[in-house]
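Secondary and tertiary structure notes
Next come the chains, spelled out residue by residue.
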Amino acid sequence: MTPESSSRKLDDPSADPAQESEKLLRNLAGSARDREHSEPLAADNLAEVIGFNVRALRTQHGFSVSDMAANIGLSKAMLSKIENAQTSCSLSTLGLLARGLDVPVTSLFRGADAEREAVFTEAGAGPNITRNGTKAGHAYELLGSLRGQHKRLESLLVTLSQDSDAYPLFQHPGTEFIYMLEGQMQYGHGMSTYTLCPGDSLQFDGEAPHGPTALVTLPIRFLSAIAFPDNTSL
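Let me begin by describing the structure that accompanies this report. Here the structure is a predicted model, which means the values were calculated and not measured.

1. Re the side chain of Ser224
- Within the secondary structure, Ser224 sits in strand β8 (residues 210-227).
- On the accessibility criterion, Ser224 (2% relative accessible area) is buried.
- At a separation of 2.6 Å, a polar atom in the side chain of Ser224 contacts the side chain of Glu176.
- Excluding its chain neighbours within four sequence positions, the residues that come into contact with Ser224 are Glu154, Ser155, Leu156, Val158, Glu176 and Phe177.

As structure tokens, this is what we get:
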């Protein structure tokens, strides 16, 4: 594709969406399952946490209670009690469960630590920030910021309400994701140019020069999320 070309790339139509969803990192690194309406989101004691994780991992592997119990050397009744938080696990039992499920022992305690941080930002309440290359009529609203390692994710609502003679050009470490909400623009990344309309998205390596190349229909609003690598000095 030449630098002057415009692309609206589509996924491979032959790809199976169900198979693609199985490759999501959040599912591979964690767990995903259906939850009954009456079931709480999080367990409130250690036995419930362990039971929840054991059942979720066992189901994920496709093991029945009988098969898993036989494989790790526990009785079916004991495994059922563990999954239903009716007994406490010894360290040796935790080791058997972890080996049978092929996970670190720490995976059985997922969700047992302190309440995880979340930031809710009401519409229009995020602070406006200035980025290098900010132009008049170009607004960047920060949509929330977590502390510690999670601060490596920067989420912005970008509003472009005026055209200008020059456009900002960005380069940064990490991966950026753009999702168009309103308007139409052409966005350049390296040697390629993409036409973005509402509902379109673009994910790219931030090290290549990138930025809008033409503001076709104003106003333009899009979400920008940048995931910085661990070795980035922030």
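Still more ground to cover, so stick around.
2. A word on the packing of helix α3 (residues 46-61) against helix α6 (residues 91-101)
- Following both chains from N to C, one finds α3 and α6 inclined at 25 degrees, their axes separated by 10 Å at the closest point. Our classification of the angle between α3 and α6 gives roughly parallel. Viewed along their axes, α3 and α6 form a crossing whose handedness is left-handed. Counted together, Ile50, Val54, Leu57, Arg58 and His61 of α3 and Leu94, Leu97 and Leu101 of α6 form the full contact between these two elements.

3. Quick word on the side chain of His138
- On the secondary structure map, His138 appears in strand β3 (residues 138-142).
- Judged by relative accessible area, His138 falls into the buried class, the value being 6%.
- Side-chain polar atoms of His138 contact the backbone oxygen of Gln162, separated by 3.3 Å.
- Excluding residues within four positions of it along the chain, His138 makes contact with Thr159, Leu160, Gln162, Ser164, Pro168 and Leu215.

4. Remarks on the pattern of salt bridges
- Tallying each qualifying case throughout the model produces three salt bridges.
- Across the salt bridge formed by Glu83 and Arg55, the nearest N and O atoms sit 3.7 Å from each other. Placement of the pair is Glu83 in helix α5 (residues 76-83) and Arg55 in helix α3, with a sequence separation of 28 residues.
- Judged by relative accessible area, which is 6%, Glu83 ranks as buried.
- In this structure, the salt-bridge partner of Glu182 is Arg221, at a minimum N-O distance of 3.1 Å. Pair noted here: Glu182 is in strand β5 (residues 175-189) and Arg221 is in strand β8, with a separation of 39 residues, a long-range link.
- Here Arg221 falls in the partly exposed class, since its relative accessible area comes to 30%.

5. Looking at helix α4 (residues 65-72)
- The complete set of buried residues in α4 reads Val65, Met68, Ala69 and Ile72. Taken around the axis of α4, the buried residues stretch over an arc of 100 degrees, which confines them to a single face. Turned more than 90 degrees off the buried face of α4, the exposed positions are Ala70 and Asn71.
- Next to the buried residues of α4 lie α3, α5 and α6.
- Backbone geometry just downstream of α4 places Gly73 in the positive-phi region, at approximately 85 degrees.

6. Observations regarding the pairing of β8
- The sheet contact formed by strand β4 (residues 153-160) and β8 spans eight bridges and is antiparallel. Residue pairing in the sheet places Ser155 in a bridge with Ala225 of β8.
- As judged from the 13 bridges shared by β5 and β8, these two strands associate in the antiparallel manner. Residue pairing across strands places Met180 opposite Phe222, the latter belonging to β8.

7. Examining the environment of Gly51
- Along the chain, Gly51 turns up in helix α3.
- The spatial distance from the C-alpha of Gly51 to the C-alpha of Thr87 is 9.3 Å, given a sequence separation of 36 residues.
- With residues up to four places along the chain from it excluded, the contact list for Gly51 reads Ile82 and Glu83.

Here is what the cut-offs are and how they apply
- Residues numbered from 1 in each chain as written.
- Predicted model: local features only at pLDDT ≥ 70, side-chain atom pairs only at ≥ 80, totals over all residues.
- Heavy atoms only, no water.
- Helix = DSSP H or I, 4+ residues; strand = E, 2+ residues; numbered from the N terminus.
- Buried < 20%, exposed > 50% of the residue type's maximum accessible area, 1.4 Å probe, protein only.
- Polar contact = N/O pair within 3.5 Å; in protein donor to acceptor, adjacent residues only side chain to side chain.
- Contact = heavy atoms within 4.5 Å.
- Axes fitted to C-alpha atoms, helices over the stretch in contact; angles between N-to-C directions.
- Parallel < 35°, antiparallel > 145°, perpendicular 65-115°, else oblique.
- Left-handed = near helix turned anticlockwise from the far one by under 90°.
- Salt bridge = Lys/Arg side-chain N within 4 Å of Asp/Glu carboxyl O.
- Arc of directions from axis to C-beta.
- Pairing = 2+ DSSP bridges.

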